[in-house]
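Now for the letters of each chain:
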Amino acid sequence: MHSQLVVSLSGIGPQTLDRCADLAAALDPRQVPLSLLVAPRELGKAQEWVRHRTSLGDAVVLHGLGQRRLPAYEAGLLLMGARLQMDAIGLNVDTFAPRRCVASPGTLIALAKHRFHRCADAHAVREVGSGLATLGRLHALTERTSFGELRSLALVYAAARSARRGGLTRITVDARDLHRPGARQAVLDAVDIALAHDAAPTTYVRLPSPRLAPAA
């Protein structure tokens, strides 16, 4: 079974916009769309770039709510506020990715109440209403205190292993890390090796339902 490939980008804002645009430009010839993890309060002037990228096929995902024990009522208020901000800048969202890659039980309840369709956490992409999930571990460059060849190779090997197995291959990068030597190339190398194993590029929004595609 061929793998599906999702590449996500977080940390989008005025200070990282050039790096975001550079990565997107490198992925375009590879026909790999980005899932843009957007925190509306952090966008600033980057919102115009995000709108442009969605017109080219990238997907917008609401990013936030990092507290692991956030209760449903409070999560609901935060989701409502964030969605209003997204609507105000012309970005409609029904997919959510928690900060720190973990959604609290209360957040999942609030997502269902507020009619979000999917939640992409560290281990799977979940349909909020049904609870069905497409399993796939998130492969990331997360350590800002140290970055080097070993971390680069680890990301590439993880992407290759996941793509060979089939199912869902997920690569994520924080735009704030892209200034580090080798980080951009590591992401591109991981994408290329997944494509070499016939992974099909998609986004969190366009990922087939687990009702239609078996979980990895």
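Scroll up a little and you will see the structure.
Note that the structure is predicted; figures quoted are calculated from it, not measured.

1. Quick word on the overall build of the protein
A tally of regular secondary structure across the protein gives 7 helices and 10 strands. Rg of the C-alpha trace for the protein: 16 Å, near the compact-globule value of 17 Å for 216 residues, within the 12% margin. Sorting the 216 residues of the protein into buried and exposed places 51% on the buried side. Taking the intrachain contacts of the protein between residues at least 6 apart in sequence as the baseline, contacts between residues at least 24 apart amount to 74%. As displayed, the protein offers around 10,500 Å² of accessible surface, 53% of which is attributable to carbon and sulfur atoms.

2. Focus on empty space enclosed by the protein
Evaluated as defined, the whole model comprises 1 cavity of 30 Å³ or more. Taken together, Ser-10, Gly-11, Ile-12, Leu-37, Ala-39, Glu-42, His-63, Arg-99 and Arg-176 form the lining of the largest cavity. Considered class by class, the residues forming the lining of the largest cavity number 3 nonpolar, 3 polar and 3 charged.

3. Topic: the pairing of strand S9 (residues 167–174)
For S9, the buried fraction is high: 8 of the 8 residues fall into the buried class. Pairing analysis gives 8 bridges linking strand S1 (residues 3–10) to S9, with the strands arranged parallel. Bridging from a neighbouring strand, Leu-5 pairs with Thr-169 of S9. Bridge count for strand S8 (residues 138–140) against S9 is 3 bridges, and the pairing is parallel. Bridge assignment links Ala-140 to a residue of S9, and that residue is Thr-172.

4. Brief notes about the environment of Lys-113
Residue placement: Lys-113 occurs in helix H5 (residues 105–113). When the C-alpha atoms of Lys-113 and Val-128 are compared, they prove to be 9.4 Å apart, with 15 residues separating the residues in sequence.

The rules we used
- Residues numbered from 1 in each chain as written.
- Predicted model: local features only at pLDDT ≥ 70, side-chain atom pairs only at ≥ 80, totals over all residues.
- Heavy atoms only, no water.
- Helix = DSSP H or I, 4+ residues; strand = E, 2+ residues; numbered from the N terminus.
- Rg over C-alpha atoms; globule rule 2.2 N^0.38 Å.
- Buried < 20%, exposed > 50% of the residue type's maximum accessible area, 1.4 Å probe, protein only.
- Contact = heavy atoms within 4.5 Å.
- Areas by Shrake-Rupley, 256 points an atom, 1.4 Å probe, with all protein chains shown as cover.
- 1 Å grid on protein atoms, 1.4 Å probe; cavity = no way out; pocket = protein on both sides within 12 Å on 5 of 7 lines; lining within 4 Å.
- Points joined across faces, edges and corners; volume = space filled by probe spheres on them.
- Nonpolar A, V, L, I, M, F, W, Y, C, P; charged D, E, K, R; others polar.
- Pairing = 2+ DSSP bridges.

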